[in-house]
Amino acid sequence: MRETSLDPQAVEQLQREAAKLKKINAALMSRVERSMDQQLNAFSLFETAIALDHKVRDRTYQLREALHSVERANEGLNRLDTILTRMSEATRLEQLVREGERERFNARAVLAGCISGYAGVYPHRRFELATGETPVMLNGAPDLFAQMLDKLAANAVDFSSGEDAVKFSLEQNDNEAVLILTNSGVLLPAEMQGRLFESMISMRPRSHAGEPHLGLGLYIVRMIAEFHGGRVAAHNRPDGSGVVFELHFPVAG
Ligand SMILES: Nc1ncnc2c1ncn2[C@@H]1O[C@H](COP(=O)(O)OP(=O)(O)O)[C@@H](O)[C@H]1O
Ligand SMILES: [Mg+2]
C-alpha cells in the first residue's frame, strides 16, 4: 500500500540515490582492489629484492673469485718471468764464458768497488774487506768477476743474520790469489756438500711467496771462477758458527 503511495518523483530520487551508492561502491571496490594489487606488487618486489640480493651476492662472490684467480695467475706469470730472466742470465753467461774473451785486470780493485756498492744495495748489512794495497792481477773479465761476487754476497746476506758482518778477504800467495768469503748463520747441508755448485741446487725451504730461487747462484759462481782458471770450495766454519767460501785463482803473469 505504501509502495503504491510513492509518488513517481520520490521513486526517481531513490533510484538516483541507489545509482550513486552503486558508483561509490564500485569506486571503493576498485580502490581496495588496487591497493591489494599494490600490496601484491610490494610483496613481489620484496621477493625480487631478496632474490636479487642473492644473485648480486653470488655474482660478487664469483667476481671476487675471478679476480683472485687473475691475481694468482699474474703472480704465477711474474714468477715465470723471473725464472726465465734468471735462466737466460745463466745461459748468456755460459755463452760469454765459452767465447772466452779475457783481459788482465786488478781483482782487488773490482772487489773493493763491489763491496762499497753493497753498502747501497744492502743498507742494513755490514761488509768487511781484508786485503793489502798491492794489486792482485787476474786473467779474465772484471764484469764477470763482479757478477760472481754479487752472487756470493746475495747468498751471504740471505743466509746470515743482520748483526754479523759479511767478511771478504783477498790475498796473494806466490802465484795464487785466494778469495775468501765468510758469513755466520745457517750451515751448509751435509748431504749436499759436493753438489752445491751444480745448477738447480737450492736448499732453501720452499716458499710460494717472494722471489723464486733456482739454485743457479753458486753454479754461476763456479762457471765464472773456472773462466778465470780458478776453483771453488765451500765448507762450514770449524766452530759451526757459519760458512766459508774459498776461491783460488792463478794470478796473471
Ligand atoms: N752464504 C751461505 N750461507 C749458507 N748457505 C749457503 C750460502 N750460500 C749458499 N748456500 C747454500 O747453497 C744453496 C745453493 O745456493 P745458490 O746456488 O745460490 O742457490 P739459491 O740462492 O737459489 O738457493 C743455498 O740454497 C744454500 O743452501
Ligand atoms: Mg743464490
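Throughout, a residue's number is its position along its own chain's written sequence, starting from 1. In the order they appear in the text, chains get letters beginning with A and ligands get numbers beginning with 1. Residues qualify for local features only when their pLDDT is at least 70, as the model is predicted, and side-chain atom pairs are given and counted only at 80 or more; totals for whole chains, interfaces and linings, by contrast, use all residues.

### Considering the overall build of the protein chain
Strands are runs of DSSP state E lasting at least 2 residues, helices are runs of H or I lasting at least 4, and numbering of each runs from the N terminus. Of regular secondary structure, the protein chain possesses 5 helices and 7 strands. In sequence order, the protein chain lays out its α and β elements as α-α-β-α-β-β-α-β-β-α-β-β. For this measure, only C-alpha atoms enter the radius of gyration; the expected value for a globule follows 2.2 Å times N^0.38, where N is the number of residues. For 253 residues, the compact-globule estimate of 2.2 N^0.38 gives 18 Å, and the protein chain exceeds it by more than 25% at 43 Å. Taking the principal axes of its C-alpha atoms as reference, the protein chain extends roughly 155 × 40 × 35 Å. Remark: residues whose backbone-derived C-beta atoms lie within 7 Å of one another are considered to be in contact. Taking as baseline every contact in the protein chain between residues at least 6 positions apart, the subset at least 24 positions apart corresponds to 69%.

### Observations regarding the packing of helix α4 (residues 142–159) against helix α5 (residues 217–227)
Axis definition: a line fit to C-alpha positions, over the contact stretch in the case of helices; interaxial angles, taken between N-to-C directions, run 0 to 180 degrees. Contact pair α4 / α5: the axes reach a minimum separation of 9 Å and the direction vectors enclose 150°. By the angle between their axes, α4 is roughly antiparallel relative to α5. The crossing of α4 and α5 is left-handed. Every residue of α5 that contacts α4 at Leu144, Phe145, Gln147, Met148, Lys151, Leu152, Ala154 and Asn155 is listed here: Gly217, Ile220, Val221, Ile224, Ala225 and Phe227. All amino acids are sorted into three groups, where Ala, Val, Leu, Ile, Met, Phe, Trp, Tyr, Cys and Pro are nonpolar, Asp, Glu, Lys and Arg are charged, and the leftover types, Gly among them, are polar. Classifying every residue of the contact of α4 with α5 by side-chain character gives 10 nonpolar, 3 polar and 1 charged. By definition in this entry, angles of less than 35 degrees are roughly parallel, angles greater than 145 are roughly antiparallel, angles of 65 to 115 are roughly perpendicular, and the rest are oblique. By definition, any crossing whose near helix is turned counterclockwise from its far helix by less than a right angle is left-handed, and any crossing with a clockwise turn is right-handed.

### Quick notes on the site of ligand 1
Think of it this way: take the backbone, place a C-beta atom on it, and check whether that atom is within 6 Å of the molecule or strand, in which case the residue is near it. Surrounding ligand 1, one finds 21 residues, the nearest of these being Asn155, Ser202, Met203, His213 and Gly217. The class makeup of the residues in the shell around ligand 1 is 13 nonpolar, 7 polar and 1 charged.

### Some details on the environment of Ser202
Here Ser202 lies in the loop between β5 (176–184) and α5. Whether a residue is buried, exposed or partly exposed is read from the other C-beta atoms within 10 Å of its own C-beta, which are placed from the backbone; 20 or more gives buried, 12 or fewer gives exposed, and intermediate counts give partly exposed. By the C-beta count within 10 Å, which is 16 here, Ser202 ends up partly exposed. Measuring from C-alpha to C-alpha, the distance between Ser202 and Asn183 comes to 18 Å, with 19 residues separating the pair along the chain. Apart from the residues lying within four places of it in its own chain, the contact partners of Ser202 are His213, Leu214 and Gly215.

### Regarding unusual backbone geometry
Of note, the phi angle at Asp174 is positive, near 50°, even though the residue is not glycine. Within the element layout of this structure, Asp174 appears in the loop between β4 (166–173) and β5.

### Focus: the domain arrangement of the protein chain
Much of the literature gives interface size as the accessible area that the parts lose upon coming together. When cut into domains, the protein chain gives domain 1 (1–99) and domain 2 (103–250). Computed from C-alpha atoms alone, the centre-to-centre distance between domain 1 and domain 2 is 66 Å. Listed by partner, the interface residues are 9 residues for domain 1 and 9 residues for domain 2. Among the residues making up the side of domain 1 that touches domain 2, the classes are represented as 5 nonpolar, 1 polar and 3 charged. As used throughout, domain bounds are those supplied by an automatic or database domain assignment.

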